[in-house]
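An overview of the molecular structure
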Amino acid sequence: MKLKFTKMHGAGNDFVVIDGINQQIDFTAAQWRLLGDRRFGVGADQILLVEKPTAPGCDFRYRIFNADGGEVEQCGNGSRAFVKFVAEKGLTDQRSITVETRAGVIAPRLEADGSITVDMGAPVLDATRVPFDAEGLQGTPQGHDTLWPLVLELGGARETVLISAVSMGNPHAVQIVDDVETAPVELTGPLIEHHVRFPNRVNAGFMQVLDRRHVKLRVFERGVGETLACGTGACAAAVAGIRRGLLDSPVRVDARGGQLSISWAGEGEPVLLTGPAVTVFEGEIEI
């Protein structure tokens, strides 16, 4: 079939966005991988599918496929691209919408300045629900958080890193580093992603605290690798930093692809993610 798509990005985290309302989409994992392939397909960190809702009270259903072809629960930067896409395509005339995801309902809205804010819901802080297997581990309290030791096997040597386990609808392991530019993201990111203590794999965040309202962040994303930005990763990092007593809301998060702003009032409250979404080009591909 000939597939119409839109290429978009949010702070450099890039997407292929597909209208699944006016096109019939039923792809295999191999077809999703082809779309995400930067040499043989369109190329993207994630492919976003817009569908009619199945949940009552929602305006749309939002499905996310990583570049490896696997469907995942949530993508924060993608949710901003999602709301810009449905507005530009005339699929809604509302500035604020409710969207069904595998992780629950989110509420993105277009701001007057062109930025997009997404209510990402409350973070999951119970390790077992992230999910993270903490059995047999001795956690270290810091502020209101618990730091968990994660043992990594590095070519016969062992290294232990302390992480915060947070879910924003998808699992994150956040660690503090002295300098994100020299952090071993490509070396230890895959080891953390596939660590046995994360049964669903995990997104590995490397955060450098600059001051109480400003951090730098790199994220090795599950099923993708390092991306230029990760919206849920920024949310998880800000939540971890606030709980550790290192940060105050709102937090400016500098990713390699741009800036995001995260607001969080504390446990039980929703995380608000604000940032840009950009349409790059429209296209068609035979698939």
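Heads up: the structure comes first, above all this text.
1. Let's talk about the overall build of the protein chain
Helix and strand counts for the protein chain come out as four helices and 19 strands. Seen through its principal axes, the protein chain has C-alpha atoms that stretch 50 × 40 × 35 Å. Looking at the protein chain as a whole, 55% of its 287 residues qualify as buried. The contacts in the protein chain between residues at least 6 apart in sequence include a share of 61% that link residues at least 24 apart. Carbon and sulfur atoms make up 48% of the accessible area of the protein chain, which amounts to about 12,200 Å² in all. Each charge class in the protein chain can be summarised by its mean position, and for the 28 positive and 37 negative side chains these summaries are 2 Å apart.

2. Some details on a nonpolar patch on the surface
Residues V278, V280 and F281 make up a contiguous nonpolar surface patch of roughly 230 Å² in combined accessible area. Classification of F281 by relative accessible area gives partly exposed; the value is 37%.

3. So, the environment of Q175
Its location among the elements puts Q175 in strand 12 (residues 171-176). You can call Q175 buried: its relative accessible area is 9%. Expressed as a C-alpha distance, the spacing of Q175 and G121, which sit 54 residues apart in the sequence, is 22 Å.

4. Here's the deal with the pairing of strand 2 (residues 13-19)
Of all seven residues that make up strand 2, seven are buried, and the element is covered over most of its length. Every second residue of strand 2 is oriented toward a common face, with N13, F15, V17 and D19 on one face and D14, V16 and I18 on the other, all of them buried. Where strand 1 (residues 2-10) and strand 2 come together, five bridges link them in antiparallel fashion. The partner of M8 across the bridge, within strand 2, is F15. The turn linking strand 1 back onto strand 2 is made up of two residues, and A11 within it adopts a positive phi angle of 55°.

5. Looking at the state of the cysteines
Simply put, disulfide is the name for a covalent bond between the sulfur atoms of two cysteines. In the structure shown here, the tally under the stated rule is zero disulfides. In this model C58 remains outside any disulfide bridge; the closest cysteine sulfur is found in C75, 18 Å from its own. By relative accessible area, C58 is classed as buried at 13%. With no disulfide of its own, C230 lies closest to C75 among cysteine sulfurs, the gap being 6.9 Å.

6. Regarding the packing of aromatic side chains
All told, the structure shown has seven aromatic pairs when counted by the stated rule. For the pair F60 and F82, a centre-to-centre distance of 5.9 Å together with 75° between the ring planes defines the contact as edge-to-face. Of this pair, F60 sits in strand 4 (residues 60-66) while F82 sits in helix 2 (residues 76-88), and the two are 22 residues apart along the sequence. For the pair F60 and F82, a shared accessibility class is recorded, and that class is buried. The interplanar angle of 50° and the centroid separation of 5.9 Å between the aromatic rings of F132 and W148 together place this pair among those described as tilted. Of this pair, F132 sits in the loop between strand 8 (116-119) and strand 9 (140-142) while W148 sits in strand 10 (residues 145-154), and the two are 16 residues apart along the sequence. For W148, a relative accessible area of 16% gives the class buried.

Reading the values: rules and limits
- Residues numbered from 1 in each chain as written.
- Predicted model: local features only at pLDDT ≥ 70, side-chain atom pairs only at ≥ 80, totals over all residues.
- Heavy atoms only, no water.
- Helix = DSSP H or I, 4+ residues; strand = E, 2+ residues; numbered from the N terminus.
- Buried < 20%, exposed > 50% of the residue type's maximum accessible area, 1.4 Å probe, protein only.
- Contact = heavy atoms within 4.5 Å.
- Areas by Shrake-Rupley, 256 points an atom, 1.4 Å probe, with all protein chains shown as cover.
- Lys, Arg positive; Asp, Glu negative; His and termini not counted.
- Charge placed at Lys NZ, Arg CZ, Asp CG, Glu CD.
- Patch = residues over 30% accessible without salt bridge, like charges linked within 9 Å, V, L, I, M, F, W, Y side chains within 5 Å.
- Salt bridge = Lys/Arg side-chain N within 4 Å of Asp/Glu carboxyl O.
- Pairing = 2+ DSSP bridges.
- Disulfide = S-S within 2.5 Å.
- Phe/Tyr/Trp six-rings, centres within 6.5 Å; stacked < 30°, edge-to-face > 60°.

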